[in-house]
Amino acid sequence: MSLLSYETSQNMLSLLKVNSSKTQNLPLSASLGRILAEDIVAKYNDPQFPTASMDGYAIKYADQDLEGITILGDNPAGKNETRVVNKGECIKTFTGSKMPEGADTLIQIENVSVNEGKISIDERVALNSSVRPVGEGYKAGDVLIKKGTKIGFAEIGVMAALNKVMVKVALKPRVGVISTGSEILDLGEESDNPAQIRSSNNYTLTALFEQAGAESLQLGTVGDDKDKIMQIFQDGLEGVDILVSTGGVSVGDYDFVKDIVPRLGAEVVFKGVAIKPGRHILVAQKENKFIIALPGFAYSSTVTAILYALPLVAKMLGRKEPYKIVEAKLAQAFKKRSKNTEFTACNLVLEDGEYFVNFKGKKVGSSAILTNMLNESALMITGEEDDDLEEGTYVNVILLESI
Ligand SMILES: Nc1nc2c(c(=O)[nH]1)N[C@H]1C(S)=C(S)[C@@H](COP(=O)(O)OP(=O)(O)OC[C@H]3O[C@@H](n4cnc5c(N)ncnc54)[C@H](O)[C@@H]3O)O[C@H]1N2
Ligand code: MOO
């Protein structure tokens, strides 16, 4: 089987025409976890007026030399104070209050003594002390959050501060997941056949796609039966943007998926990439829908879903990249197992601003070992040209936590 290089396959993937213009408006609090479809631009300065950041007295900085400063009254938070502070005067002003005109400094309560309607300064403060200047946080016109950002708690708060009642988000692409194989049993399914295994792929992948911002659809499991596979693929394709399957892409007598995909009227974009794991991957397109047939092994299907399905999901969501890649130093030697581009589950440790890779607790074996991805693992990339690598070598690593 002739295999494309990883780089070529990724280039071909990136050239696929993907519709990314579908958006919807959601109330702010319903937008958590969704992908922004607009830049969030500050409509005003933060704060909009000079604001006290301590409880104290709004004074003129130079008046701290005076014997006593007359208190004009109180200025609680939320009051639109109109009195002006003149020489020798102050207004009691609280955290969050608008600073009165004429005052440039807030001296906190702890620094003064109050006597007969006047304050005297016990401990001086600096000019503009405890006053948040206009635009301290951001200025009107600043782009605060970029289109394509996943909305988290901080984004929600910043948008609330801008009175963003409705938020424009990308419509979730619909990704359907099918697991194939006569040996697999769906969650909760009973069987007394000891040669069967529990199907995990469909659950791993629906979770992965949800995490990446898609709407995942569990389309179920199907045995190695040509007609049944054909039917579930045909039905599944109706309601999704991307159909992802696992199993049945290798060379065995019962590997039917690879033969069925072209019979769905889909055009095969590529089949077979020089990667480990996942070399049997098949990517096809039918009109504006995509079919990604992944190998059955649990680790292979997860890695290839990250490499080939997530870029399409990201594009549909208007995101620049599906995940982040960082450079890291090998904290131990690495034995390369094949001539292909390899994706190896690893631990990524940040020390003094530098990432280090180690493989503590990671098992070497078949492509079935999904447990290697537990414990906040990352994915190390080693290229076709790489051989065994010495400790201290720099490598690229996919940050799975950035999905
Ligand atoms: N003679 C050859 N044999 C194999 C080759 C090859 O080139 N020549 N390639 C191997 C590689 S590499 C891979 S990867 C697998 C891919 O095979 P398939 O995609 O056809 O997958 P299956 O055979 O259906 O399953 C592989 C493996 O994964 C288990 N599995 C399947 N579905 C699930 C599921 N939903 N959840 C968890 N585990 C699943 C299945 O039981 C098998 O153990 O082919 C190699 N063979
Ligand atoms: O390509 Mo397979 O997924 O290496 O084991």
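This one's a predicted model, so the numbers in the text were calculated from it and none came from an experiment.

Thoughts on the site of ligand 2
In the region of ligand 2, the neighbouring residues are Lys276, Pro277, Gly278, Arg279, His280, Pro295, Phe297, Ser300 and Ser367. Across the shell around ligand 2, the residue classes tally to three nonpolar, four polar and two charged.

Quick word on the UniProt feature "domain: MoaB/Mog" (unreviewed entry) in the protein
Mapped onto this structure's residue numbering, the UniProt feature "domain: MoaB/Mog" (unreviewed entry) falls at residues 176-315. Regarding residues 176-315, the helix share stands at 35% and the strand share at 29%, and the terminal C-alpha atoms are separated by 17 Å.

Some thoughts on the nonpolar core
One finds Val244, Ile292, Ala309, Val313 and Val397 to be the most contacted residues of the largest nonpolar core, which totals 78 residues. For this core, the leading source of residues is helix α6 (residues 298-316), giving 13 residues. Aside from chain neighbours lying at most four places away, what touches Val313 is Pro173, Val175, Phe209, Ala212, Gly213, Ala214 and Pro322. Among the nonpolar cores identified, the runner-up in size contains 15 residues, and Val85, Cys90, Ile91 and Val112 belong to it.

Digging into the packing of helix α3 (residues 201-211) against α6
When two helices pack together, you describe them by how their axes are tilted relative to each other and by the distance separating the axes. Here α3 crosses α6 at 30 degrees, and the two axes come no closer than 10 Å. The angle between α3 and α6 falls in the class roughly parallel. Note on packing geometry: the crossing formed by α3 with α6 is right-handed. Contacts between α3 and α6 involve Asn201, Thr204, Leu205, Leu208 and Phe209 from the first element and Ala298, Ser301, Thr302, Ala305, Ala309 and Val313 from the second.

Section: the environment of Pro311
Relative to the elements of secondary structure, Pro311 occurs in helix α6. With 20 C-beta atoms packed within 10 Å, Pro311 lands in the buried category. Distance from Pro311 to Phe297, taken between C-alpha atoms, is 21 Å for residues 14 residues apart in sequence. When residues no more than four places from it in sequence are discounted, the contact partners of Pro311 are Leu13, Ser14 and Pro322.

Things to note about the sheet that holds strand β5 (residues 69-75)
If you trace the six strands from one edge of the open sheet to the other, you get β7-β4-β6-β5-β9-β8, paired in mixed fashion. Edge positions in the sheet fall to β7 (105-108) and β8 (112-115), since each of these pairs with one other strand and no more. For this sheet, the mean angle separating the axes of adjacent strands, direction not counted, is 40 degrees. In terms of strand pairing, strand β4 (residues 56-59) meets β7 through four bridges, oriented antiparallel. If you follow Ala58 over to β7, its bridge partner there is Leu106.

Re the site of ligand 1
Close to ligand 1 lie 27 residues; Asn201, Gly247, Ser250, Pro295 and Gly296 are nearest. Listing elements by their share of the shell around ligand 1, those giving two or more residues are α3 and α6. Split into classes, the residues belonging to the shell around ligand 1 amount to nine nonpolar, 15 polar and three charged.

Comments concerning the sheet that holds strand β18 (residues 267-271)
Taken in spatial order, the six strands of this open sheet run β16-β13-β17-β21-β20-β18, and their pairing is mixed. Here the strands that pair on one side only, and so sit at the sheet edges, are β16 (215-222) and β18. When the angles between neighbouring strand axes are averaged without regard to direction, this sheet yields 20 degrees. Pairing of strand β17 (residues 242-246) with strand β21 (residues 289-294) involves five bridges; the strand directions are parallel. Each bridged residue has a counterpart across the sheet, and for Thr246 the counterpart in β21 is Leu294. The strands touched by helix α4 (residues 226-238) are β13 (174-180), β16, β17, β20 (282-286) and β21; relative to β16, the strand with the most contacts, the crossing angle is about 165 degrees.

Thresholds, definitions, all that
Residues numbered from 1 in each chain as written. Chains lettered and ligands numbered in written order. Predicted model: local features only at pLDDT ≥ 70, side-chain atom pairs only at ≥ 80, totals over all residues. Near = placed C-beta within 6 Å. Nonpolar A, V, L, I, M, F, W, Y, C, P; charged D, E, K, R; others polar. UniProt positions renumbered as here; feature names shortened; annotations may be inferred. Helix = DSSP H or I, 4+ residues; strand = E, 2+ residues; numbered from the N terminus. Core = buried A, V, L, I, M, F, W, Y, C linked by C-beta atoms within 7 Å. Buried ≥ 20, exposed ≤ 12 C-beta atoms within 10 Å, placed from the backbone. Contact = placed C-beta atoms within 7 Å. Axes fitted to C-alpha atoms, helices over the stretch in contact; angles between N-to-C directions. Parallel < 35°, antiparallel > 145°, perpendicular 65-115°, else oblique. Left-handed = near helix turned anticlockwise from the far one by under 90°. Pairing = 2+ DSSP bridges.

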